[in-house]
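Examination of the molecular architecture
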Protein chains: 2
Amino acid sequence: MKVFPYTDVEPQDANSGAERVQVRWLITKEMGAPNFAMRLFEVGRGGRSPFHDHAWEHEVFVLEGEGSIMTKEGSRKFRQGDVVFVLPNEKHQFRNEGKGVLRFLCLVPIEKKTK
Amino acid sequence: MKVFPYTDVEPQDANSGAERVQVRWLITKEMGAPNFAMRLFEVGRGGRSPFHDHAWEHEVFVLEGEGSIMTKEGSRKFRQGDVVFVLPNEKHQFRNEGKGVLRFLCLVPIEKKTK
């Protein structure tokens, strides 16, 4: 069993193509997680992830702030307390559209996506 | 892509042995999640899960309130913003030790645990 504040994990710059996005890898394969990883993303004002796709899903919970997710279906707004589910191979982009930081959890399977 | 407030999912009473615990199944196999499920637990004042174990891990993020987790190693306090990771087969109990509701996300793998 492990218990720690999320701020114990240092943020890293997210992948290239993202603007003002940092990620903290909270629960990882290296920690002993057998199936999926928990990450916390922080998106600065005006920041966004690239419009991209991949073979794995995203399970997202919005902790703070507001923004939108764009897919080929269009754009949907979200805010604190919202759940966002992105299917495998669904092209998507997260955007911070609020006045402050956008903070959300985003979990991914380990076998298909670690680093 | 799906976006919805967590309150759109009705809470259900948790398994027998739990006291004042309700669960909302936010992202499920039925929704198309291939690997893991997202649940949100709400534990009323003085409530607790049973002291139990199972073959799957828990990946937990504390959204609100404060409590403790008991394992055979002892008890650890947690509060809003904390991450809790419980290994497969690790016996554990969650307890609300705050004055209000304890609210946390708890994700589990789908193949080992759905319903």
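If you're wondering where the values come from, they're calculated on a predicted model, not measured in any experiment. (Residues numbered from 1 in each chain as written. Chains lettered and ligands numbered in written order. Predicted model: local features only at pLDDT ≥ 70, side-chain atom pairs only at ≥ 80, totals over all residues. Heavy atoms only, no water.)

With 42 residues of chain B at the interface, the matching set in chain A holds 42 residues. The largest share of the area that chain B buries against chain A comes from B:Met1, B:Phe36 and B:Phe85, three residues that together contribute 24% of it. For the interface between chain B and chain A, the tally reads 0 salt bridges. Elements supplying a minimum of two residues to the side of chain B that touches chain A: strand 1 (2-5), strand 3 (19-27), strand 4 (36-48), strand 5 (58-64), strand 6 (66-71), strand 7 (74-79), strand 8 (82-86) and strand 10 (102-109) of chain B. Classifying every residue of the side of chain B that touches chain A by side-chain character gives 28 nonpolar, 5 polar and 9 charged. (Contact = heavy atoms within 4.5 Å. Buried area = accessible area lost by both parts, 1.4 Å probe. Salt bridge = Lys/Arg side-chain N within 4 Å of Asp/Glu carboxyl O. Helix = DSSP H or I, 4+ residues; strand = E, 2+ residues; numbered from the N terminus. Nonpolar A, V, L, I, M, F, W, Y, C, P; charged D, E, K, R; others polar.)

This part covers the packing of aromatic side chains. By the definition in use, this model includes 9 aromatic pairs over all chains. Where B:Phe41 meets B:Phe104, the ring centres are 5.5 Å apart and the plane angle is 15°; that geometry is what we call stacked. In this pair, B:Phe41 is assigned in strand 4 and B:Phe104 in strand 10, connecting sequence segments 63 residues apart. Residues B:Phe41 and B:Phe104 agree in their burial class; the two are buried. Three or more aromatic residues link up through ring pairs in this structure, and these residues are A:Phe41, A:Phe78, A:Phe94 and A:Phe104. Over the face of the ring belonging to A:Trp25 we find A:Arg39, whose NZ or CZ atom lies 5.1 Å from the ring centre. (Phe/Tyr/Trp six-rings, centres within 6.5 Å; stacked < 30°, edge-to-face > 60°. Buried < 20%, exposed > 50% of the residue type's maximum accessible area, 1.4 Å probe, protein only. Lys NZ or Arg CZ within 6 Å of the ring centre and 35° of its normal.)

Residue and element names in this part refer to chain B. A positive phi angle is found at Arg20, which is not glycine, with a value near 55°. Following the sequence through the fold, Arg20 ends up in strand 3. Classification of Arg20 by relative accessible area gives exposed; the value is 56%. A positive phi is found at Asn89, a non-glycine position, where the angle reads about 70°. Mapped onto the elements of the fold, Asn89 is located in the loop between strand 8 and strand 9 (93-96). Assessed through its relative accessible area of 53%, Asn89 is described here as exposed.

Turning next to the state of the cysteines. Counted under the stated rule, the structure contains 0 disulfides over all chains. Its sulfur unpaired, A:Cys106 is 18 Å from the next cysteine sulfur, which belongs to B:Cys106. In this structure A:Cys106 comes out as buried when scored by relative accessible area, which is 2%. (Disulfide = S-S within 2.5 Å.)

Moving on, we get to the relation of the copies chain B and chain A. If you rotate chain B by 180° and push it 0.0 Å along the axis, it lands on chain A with an RMSD of 0.0 Å. The relationship between the two copies is best expressed as a two-fold rotation axis. Comparing interface residues between copies, 100% of those in chain B also lie at the interface in chain A; the contact surface is shared. (Least-squares fit on C-alpha atoms with pLDDT ≥ 70 in both.)

A separate point is the pairing of strand 7 of chain B. Residues and elements named next belong to chain B. When strand 6 meets strand 7, the two strands line up antiparallel, connected through 6 bridges. Of the residues in strand 7, the one forming a bridge with Gly67 is Phe78. Here strand 6 folds back onto strand 7, and the loop between the two strands holds 2 residues. (Pairing = 2+ DSSP bridges.)

This part covers the side chain of B:Asn96. Residue and element names in this part refer to chain B. Mapped onto the fold, Asn96 is located in strand 9. On the accessibility criterion, Asn96 (6% relative accessible area) is buried. Here Val43 takes part through its backbone oxygen, which lies 2.9 Å from a polar atom of the side chain of Asn96. Looking at Asn96, its side chain comes within polar contact range of the main-chain oxygen of Gly44, at 3.1 Å. (Polar contact = N/O pair within 3.5 Å; in protein donor to acceptor, adjacent residues only side chain to side chain.)

Further remarks concern the nonpolar core. Note that soluble globular proteins tend to have their nonpolar side chains buried in a common cluster. Judged by nonpolar contacts, the single largest core of 72 residues is most densely connected at A:Leu26, A:Phe61, B:Leu26 and B:Phe61. Excluding its chain neighbours within four sequence positions, the residues that come into contact with B:Leu26 are A:Phe61, A:Val83, B:Phe4, B:Tyr6, B:Val9, B:Met31, B:Met38, B:Arg39, B:Leu40 and B:Leu105. (Core = buried A, V, L, I, M, F, W, Y, C linked by side-chain atoms within 4.5 Å.)

With that settled, the discussion passes to the pattern of salt bridges. Residue and element names in this part refer to chain A. In total, this model carries 8 salt bridges over all chains according to the counting rule given. Among the salt bridges present, the one from Glu64 reaches Arg103, with a minimum N-O distance of 2.4 Å. Of this pair, Glu64 sits in strand 5 (residues 58-64) while Arg103 sits in strand 10 (residues 102-109), placing them 39 residues apart in sequence. The partly exposed category is assigned to Glu64, whose relative accessible area is 34%.

Everything listed is a geometric property; what it means functionally is a separate question.
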